[in-house]
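Chain by chain, the residues run as shown.
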Amino acid sequence: MQLFVQQVVLGLLIGGVYVAVAIGFSLVWGILNIVNLAHGALVIVGAYLTWLLFARARIDPFAALPIVAVALFAFGYALQRALINRVIRAPLFFTLLLTFGVNLVIVNALLVIFKSDFRSVTPSYSGSGFGVAGVQVPYIRLGALGVAVAVAAGVGGLLNRTRTGAAIQAVGADREAARLVGIDLRHVYALTFAVAAACAGVAGGLISTIQAITPTAGEPYTLQAFVVVVLGGLGRVGATVVGGLVFGLVETLGQTMVPGLGAGWANAIAFAILVLVLIVRPQGLMGRVA
Amino acid sequence: MSAAMPPPSSETILVERPRLLDRRRLRRLLVLLLVLGAVLVLLAPLTATDQADSLGAPQLVDRSQIRILTTVAMFVVMASAWNLVGGLTGYSSFGNVAFFGLGAYTCAVAVDAHRLHLPMAAAIALAPLVPAAFAALVGLPLLRLRGHYFAIATLGTAVAVGEVVKNVDYLGGATGLFPPILHRADLLFLYLMVGAALLAVLVSRLILRSRFGYGLIAIRENEEAAGVIGVNTTMYKVGAFAVAAALTGLAGGLFALWNSFINQELGFSLDFNIQMILMAVLGGAGTLFGPVLGAIVLELLIQNLAGRSDVAVYAQIGLGLLLAVTVIFVPRGIVAFFGGGSRLSVAHLRRSLRETGV
Amino acid sequence: MTALLSIQGVTKRFGGVAALNEVSFDVGEGEILGVIGPNGAGKTTLLNCVSGVYRPDAGSITFDGHSIAGEPPHRIARLGVGRTFQVVKPFASMTARENAAVGALFGASQLALSRAFAAADEVLEMVGMAGKASLPVASLTIPDRKRLEVARALATRPRLLLLDEVMAGLNPVEVDEALEMVRTVHRSGVTIVLIEHVMRVVVGVCRRVVVLHFGQTLAEGTPDGVLRDARVIEAYLGEKYARRLVGG
């Protein structure tokens, strides 16, 4: 029983990271109708920025998150405005290929700059935690979950309580109608992508404190973002939060609780779930029927 | 005015829309070039054999070039096969590499002395069958999804199958399988792979000019309308998926035997997965020769750049930029760009930007 | 008159709402039947049930002796039922001739590739688009796209053609041209079910109409008779007008 509770806690904590990774991905997919294959690369850019700030300027990784978010916001805005806006009305595999190309450029540019060495961010409190009734809770992972929830709440607040958010949602609902009421599509697209990139950057910052990073470490996160968004259902921040936590739980419990399956099966489980959810319930666990 | 238009005939193709007078000539030129290239590919390696050496004939290609040619042929198969689903039917599959991996593992298991221990010919014959059966099975539920959901579900299927394979001991687990090395078999596999490429082009051509092909295009253009004029959309889609799987599986099977080694990373490589799509789109999705051309151009580029470790990283960056430029400026692919009425001009670039951008 | 199409007690629900509730009527061989009704009456839903796009929740649909309720669209098309869509669905990257030719390859026609284009030219001629056969869909006007929709359906050689508001959005001159097209198609021996919102159209070509209202058959009969029916007037114009017009 204690083992089970421990796994549930760990699953939820890992789920927090997935939530942070998936929020930006979900936003771009839902509003721009683009599946951003460079999302994992943006996450890793955020991770490297956090590492730079930590290693060179001794800035605490959690304190570095706002700086990383602002940098990624600017980068995301420029990327969308200069490049992705140009193919936004093209058939879907064009946007997929374009973002795949962006992914290649970013990952290999990181390889040029940082080489393929493993880097990790290790503040003094990494590795420590507290125990409740024999269940261990690492500080860093708890912090990561807290930040993820805060980011989710922030994005939700932005979308539902601000003029900008209203414009973004209007564009997502009906591109042409939004244009007719005077919304500057290029700007709103770029803004949406910028917010998503900022979220990805924060997620990367969190990841840098949890695992060693390399330029190619981002790809699994793109795939996991897929799974989370599909699992939760496209279009609502709350759905992404549920999707991320459920995914973290299922992955952790699947590996440790099902006899005969080990860590090697994590991806197989994840993607089997993905395909099953898509087929059985394409609107996701929390999604509304289209 | 209708008298000036080309007369209706079975030669009319439904794939590209603007019909220019020079289209047919361009097509013939392309076919001629391809035939010439194919002949060259088939004959040149003969100069690399011991017999030619002993006759003192000049050696036109070396072993590494034979390897490159075989790889190019392999991608011609995969890009053409992808085109049947992604280009013709309009379902952007992002998981065709699953068929490649399944074909590869089928062959590897079939020839393995401790497993099925079948002759090589039997293994090659099995290579298309297993992926085709798999495609028919998963195609029924998957092809009910559309757009991004189909793309992701196919990608997820490919990753899941790869992960399962990695965890099954009978399939070599994380280590992989090692089909026996055939001594000096470079030429054999070159010819087999070129044969597979010719087969892929032939099958594509037959489909393009058939009721089946027109049905697939109708599905791409409007699936509901295709249904009510009498296209059995489910069967057609699954059929195209299975044919694509068979061809891709054949390429995978030949690859496993040729490479004498297959593991999950090689068999279910996400790089291969994206490359075949990129080739088809770069060359011209939905056309017959587009994917062939795209595969030749892109694979030669990759082989010549990425093969050298000193510039590999920059080559990848170049590839990414090429991708961006292609998608933004030549969205209909090379074939349509030079043959379909558009010219390499500022006006054309502006137009294609206006069509897709905001 | 033998019934080519027989609809008996067809019901279709979406969620809790019955879009069609126990609808029954027959269509005779060689007839032009009008199906009219206000917006949301269930006209298009009915057509979707007949053509196999929807599976009815209850009831039977018989075409030429075959039970077709719940059959997939392609099988119904193969038996000889053609239809158009209210919002046209052309094969956009093709020319008009190619659109029609694809129709000739499938449905009840099943022509060989070599003969499909000749058949396409025939049906384009019939709908008055012979001069525009080589134009891509993108350069066709809305009325022409509606004609093309009819041509593609005709190319499948249907015995029964279901036309879903082919006149909607046309100006009076275009409506007259479209009516002439419907008559031409009918003269060639095709039974037609004409779904329309505009009354004038139905009166012009149909001997018999069925009025749908909130998913139910409200009235059935000659156009004149139906149009004088108080319930029909009420459905279209509201209760007040109905009382004033009929004096009730």
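Fair warning: this is a prediction, and the values are worked out from it, not measured in the lab.

J.: How do you make sense of the overall build of chain A when you look at a structure like this?
T.: Within chain A, the secondary structure is distributed over 11 helices and 2 strands. Beginning at the N terminus, the succession of helices and strands in chain A can be written as α-α-α-α-β-β-α-α-α-α-α-α-α. Whereas a compact globule of 290 residues would reach a radius of gyration of roughly 19 Å, chain A reaches 19 Å, a difference of no more than 12%. For chain A, the spread of C-alpha atoms along the principal axes amounts to about 60 × 50 × 35 Å. Counting the 290 residues in chain A, one finds 53% classified as buried. A separation of at least 24 residues holds for 78% of the contacts in chain A among residues at least 6 apart in sequence.

J.: What should I look at first to understand the nonpolar core in this one?
T.: Most often, soluble globular proteins keep nonpolar side chains buried together rather than apart. Ranked by internal contacts, the top residues of the largest apolar core, which has 305 residues, are A20(A) and V77(B). Domain assignment of the residues forming this core places at least three in each of domain 1 (3-80 + 159-246) and domain 2 (90-156) of chain C. Residues contacting V77(B), with those up to four places away along its chain left out, are A196(B), A197(B), A200(B), L247(B), T248(B), L250(B) and A251(B).

J.: Help me out: how do you make sense of the sheet that holds strand β5 (residues 66-67) of chain C in this one?
T.: Backbone-to-backbone hydrogen bonds join strands into a sheet, with any given pair of strands oriented parallel or antiparallel. Residue and element names in this part refer to chain C. What the 4 strands build is an open sheet, ordered β2-β1-β4-β5; its pairing is antiparallel. Each end of this open sheet is capped by a strand with a single partner; those strands are β2 (17-28) and β5. For strand β1 (residues 3-14) and strand β4 (residues 58-63), the ladder comprises 5 bridges, and the chain directions are antiparallel. Each residue of the ladder has a partner; that of Q8, found in β4, is S60. Where helix α1 (residues 43-51) meets the sheet, it contacts β1, β2 and β4, and its direction lies at approximately 65 degrees from that of β2.

J.: Before we go on, may I ask you to explain the packing of helix α8 (residues 211-221) of chain B against helix α10 (residues 233-259) of chain B in this structure?
T.: When two helices pack together, their arrangement is captured by the angle between the axes and the distance separating the axes. All names here are of chain B. The N-to-C vectors of α8 and α10 enclose an angle of 105 degrees; their axes lie 10 Å apart at closest approach. Comparing their axes, α10 and α8 come out roughly perpendicular. In this structure, α8 contributes F212, G215, L216 and I219 to the contact, and α10 contributes T233, Y236, K237 and A240. Here the residues of the contact of α8 with α10 are counted per class, giving 5 nonpolar, 2 polar and 1 charged.

J.: Explain the domain arrangement of chain C here, please?
T.: Interface size is often expressed as the accessible area that is lost when the parts come together. Residue and element names in this part refer to chain C. By domain assignment, chain C separates into domain 1 (3-80 + 159-246) and domain 2 (90-156). In this complex, domain 1 contributes 14 residues to the contact, which on the side of domain 2 involves 14 residues. Looking at the side of domain 1 that touches domain 2, the elements with two or more residues in it are α2 (73-79), β7 (160-164) and α6 (172-187). With 4 residues, α6 is the single largest residue contributor to the side of domain 1 that touches domain 2. Taken together, the residues of the side of domain 1 that touches domain 2 sort by class into 8 nonpolar, 4 polar and 2 charged.

J.: Any chance you could explain the interface of chain A and chain B here in plain terms?
T.: Contact residues are listed per partner, giving 40 residues for chain A and 37 residues for chain B. Counting residues per element, the ones that place at least two in the side of chain A that touches chain B are α4 (92-114), α8 (185-210), α9 (219-232) and α11 (266-280) of chain A. Ranked by residues supplied to the side of chain A that touches chain B, first place goes to α4(A) with 15 residues. Split by residue class, the side of chain A that touches chain B holds 32 nonpolar, 5 polar and 3 charged.

J.: Help me understand the packing of helix α2 (residues 39-57) of chain A against helix α3 (residues 61-82) of chain A, please; the structure alone is not making it clear to me.
T.: Residues and elements named next belong to chain A. Relative orientation of the contacting elements α2 and α3 amounts to 130 degrees, with a least axis distance of 9 Å. One way to sum up the angle between α2 and α3 is to call them oblique. Helix-helix and strand crossings are classified by hand; for α2 and α3 the assignment is right-handed. Within the contact between the two elements, α2 uses L42, V45, G46, L49, T50, L53 and F54 and α3 uses P61, A64, I67, V68, A71 and L72. Looking at the contact of α2 with α3, its residues break down into 11 nonpolar, 2 polar and no charged.

J.: Even after reading the chapter, I still don't get the pairing of β7(C), so can you show me in this structure?
T.: Consecutive residues of a regular strand have side chains that alternate between opposite faces of the sheet. Residue and element names in this part refer to chain C. Among the 5 residues in β7, 5 count as buried, and that is most of the element. Neither face of β7 is left uncovered, since the one carrying L160, L162 and D164 and the one carrying L161 and L163 both have all their residues buried. Handedness of the crossover is the feature at issue here: the chain leaves β7, passes through α6, returns alongside strand β8 (residues 191-196), and the resulting connection is right-handed.

J.: So what exactly am I meant to see when it comes to the confidence of the model for chain C here?
T.: A low pLDDT score tells you not to read the predicted coordinates there in detail. Taken as a whole, chain C shows an average pLDDT of 91; of its residues, 95% reach a score of 70 or greater. Model confidence for the complex: the whole-complex pTM is 0.84, and ipTM, which rates the interface, is 0.92.

J.: Would you mind showing me how to read α3(A) here?
T.: One full turn of an α-helix is made of 3.6 residues, so residues set three or four places apart face in the same direction. Residue and element names in this part refer to chain A. An ideal rise of 1.5 Å per residue puts 32 Å on 22 residues; α3 measures up with 30 Å between its terminal C-alpha atoms. A maximum bend of about 30 degrees is found in α3 at I67. For α3, every residue scored as buried is listed here: P61, A64, L65, V68, A69, L72, F75, G76, Y77, L79 and Q80. Taken together, the buried residues of α3 touch α2, α4, α5 (139-161) and α8.

J.: Can you help me understand unusual backbone geometry in this one?
T.: Excluding glycine, residues mostly have negative phi values, and the peptide bonds linking residues are mostly trans. Although it is not a glycine, H117(B) adopts a positive phi angle of roughly 55 degrees. You can see H117(B) is positioned in the loop between α4 (97-111) and α5 (120-142).

J.: What is the right way to read the environment of I23(A) from this model?
T.: Residue and element names in this part refer to chain A. Looking at the element boundaries, I23 is found in helix α1 (residues 2-32). When the C-alpha atoms of I23 and I140 are compared, they prove to be 20 Å apart, with 117 residues separating the residues in sequence. In this view, I23 contacts V151, A152, V155, C199, V237 and T240; residues no more than four positions away in its chain are not counted.

J.: Any chance you could explain the sheet that holds strand β9 (residues 208-213) of chain C here in plain terms?
T.: Residue and element names in this part refer to chain C. A sheet is described by the order of its strands in space; here 6 strands give the open sequence β6-β7-β8-β3-β9-β10, paired in mixed fashion. At either margin of the open sheet sits one strand with a lone partner, and together these are β6 (81-83) and β10 (216-221). When the angles between neighbouring strand axes are averaged without regard to direction, this sheet yields 20 degrees. Where β6 lies against β7, 3 bridges are found, and the strand directions are parallel. Residue pairing in the sheet places G82 in a bridge with L161 of β7. Docked against the sheet, α6 engages β3 (32-36), β7 and β8, running at close to 155 degrees with respect to β8.

Calculation rules
Residues numbered from 1 in each chain as written. Chains lettered and ligands numbered in written order. Predicted model: local features only at pLDDT ≥ 70, side-chain atom pairs only at ≥ 80, totals over all residues. Helix = DSSP H or I, 4+ residues; strand = E, 2+ residues; numbered from the N terminus. Rg over C-alpha atoms; globule rule 2.2 N^0.38 Å. Buried ≥ 20, exposed ≤ 12 C-beta atoms within 10 Å, placed from the backbone. Contact = placed C-beta atoms within 7 Å. Core = buried A, V, L, I, M, F, W, Y, C linked by C-beta atoms within 7 Å. Domains from an automatic or database assignment. Pairing = 2+ DSSP bridges. Axes fitted to C-alpha atoms, helices over the stretch in contact; angles between N-to-C directions. Parallel < 35°, antiparallel > 145°, perpendicular 65-115°, else oblique. Nonpolar A, V, L, I, M, F, W, Y, C, P; charged D, E, K, R; others polar. Left-handed = near helix turned anticlockwise from the far one by under 90°. Right-handed = clockwise from strand over helix to strand, strands pointing away. pLDDT = per-residue confidence, 0-100. Expected span 1.5 Å × (residues − 1). Bend = angle between axes of the 7 residues up to and from the residue.

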